[in-house]
Amino acid sequence: MPVEIGNVHGLARNISATGIYFEIDTAPALGSHVYFAVELTVRGEKLKLVCDGQVLRVDQKDGVHGIAAKFADSFFSNPAEIVDADAGWLTRTH
């Protein structure tokens, strides 16, 4: 999934309810707060998910920086709620 931090573009490689791992050409400092947008396609429509996170890890390989960030806030009001991607709605795990 495409990721943008300001005018810098990258690719998300892994995303969960609590964090994200993306690759980008420039690296924010370890521990810093980052504001970024992730582009999602839902039912054929492109949406931008605007995020705020804290950088937990920075890797470098072949001139590309891998960034692991923890989301500052949960997207769900209750951590027991998850999105059922196949059904397209919010469900509870208990």
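Residues numbered from 1 in each chain as written. Predicted model: local features only at pLDDT ≥ 70, side-chain atom pairs only at ≥ 80, totals over all residues. Heavy atoms only, no water.

Visitor: Can you walk me through the sheet that holds strand β5 (residues 45-61) in this structure?
Guide: Note: strands within a sheet are paired through backbone hydrogen bonds, in either parallel or antiparallel orientation. Strand order in the closed barrel made by the six strands is β1-β2-β3-β6-β5-β4, with antiparallel pairing throughout. Taken pair by pair, the neighbouring strands of this sheet meet at an average axis angle of 45 degrees, ignoring direction. Note that strand β1 (residues 2-5) and strand β2 (residues 8-15) share four bridges and pair antiparallel. Considered in β2, the bridge of Pro-2 is made with Leu-11. (Pairing = 2+ DSSP bridges. Helix = DSSP H or I, 4+ residues; strand = E, 2+ residues; numbered from the N terminus. Axes fitted to C-alpha atoms, helices over the stretch in contact; angles between N-to-C directions.)

Visitor: For this particular structure, what's the right way to read the confidence of the model for the chain?
Guide: Low-confidence regions, as indicated by low pLDDT, have predicted coordinates that should not be scrutinised in detail. Summarising the model, the chain shows a mean pLDDT of 81, and 78% of its residues fall at 70 or more. Counting interchain partners and residues more than four positions distant, the pLDDT-below-50 stretch residues 79-94 has 21 contacts. (pLDDT = per-residue confidence, 0-100. Contact = heavy atoms within 4.5 Å.)

Visitor: Whenever I open this one, unusual backbone geometry confuses me. Can you help?
Guide: Of note in the backbone geometry, Arg-43 takes a positive phi value of approximately 50 degrees without being a glycine. In this structure, Arg-43 sits in the loop between β4 (33-42) and β5. For Arg-43, a relative accessible area of 74% translates into the label exposed. The residue Asp-62 is not glycine, and still its phi comes out positive at about 55 degrees. Its place among the elements puts Asp-62 in the loop between β5 and β6 (64-71). (Buried < 20%, exposed > 50% of the residue type's maximum accessible area, 1.4 Å probe, protein only.)

Visitor: How should the packing of aromatic side chains be read in this particular structure?
Guide: The full count for this structure, using the stated rule, is two aromatic pairs. Arranged with centres 5.5 Å apart and planes meeting at 40 degrees, the rings of Phe-22 and Phe-36 form a pair that is tilted. Of this pair, Phe-22 sits in strand β3 (residues 19-24) while Phe-36 sits in strand β4; the two residues are 14 residues apart in sequence, bridging distant segments of the chain. In this structure, Phe-22 and Phe-36 share a single accessibility class: buried. (Phe/Tyr/Trp six-rings, centres within 6.5 Å; stacked < 30°, edge-to-face > 60°.)

Visitor: Would you mind showing me how to read the environment of Ile-67 here?
Guide: Relative to the helices and strands, Ile-67 is located in strand β6. You can call Ile-67 buried: its relative accessible area is 0%. A C-alpha to C-alpha distance of 7.6 Å links Ile-67 and Leu-56, two positions eleven residues apart in sequence. Beyond its immediate sequence surroundings of up to four residues, Ile-67 is in contact with Ile-20, Tyr-21, Phe-22, Ile-24, Ala-27, Pro-28, Val-55, Arg-57 and Val-58.

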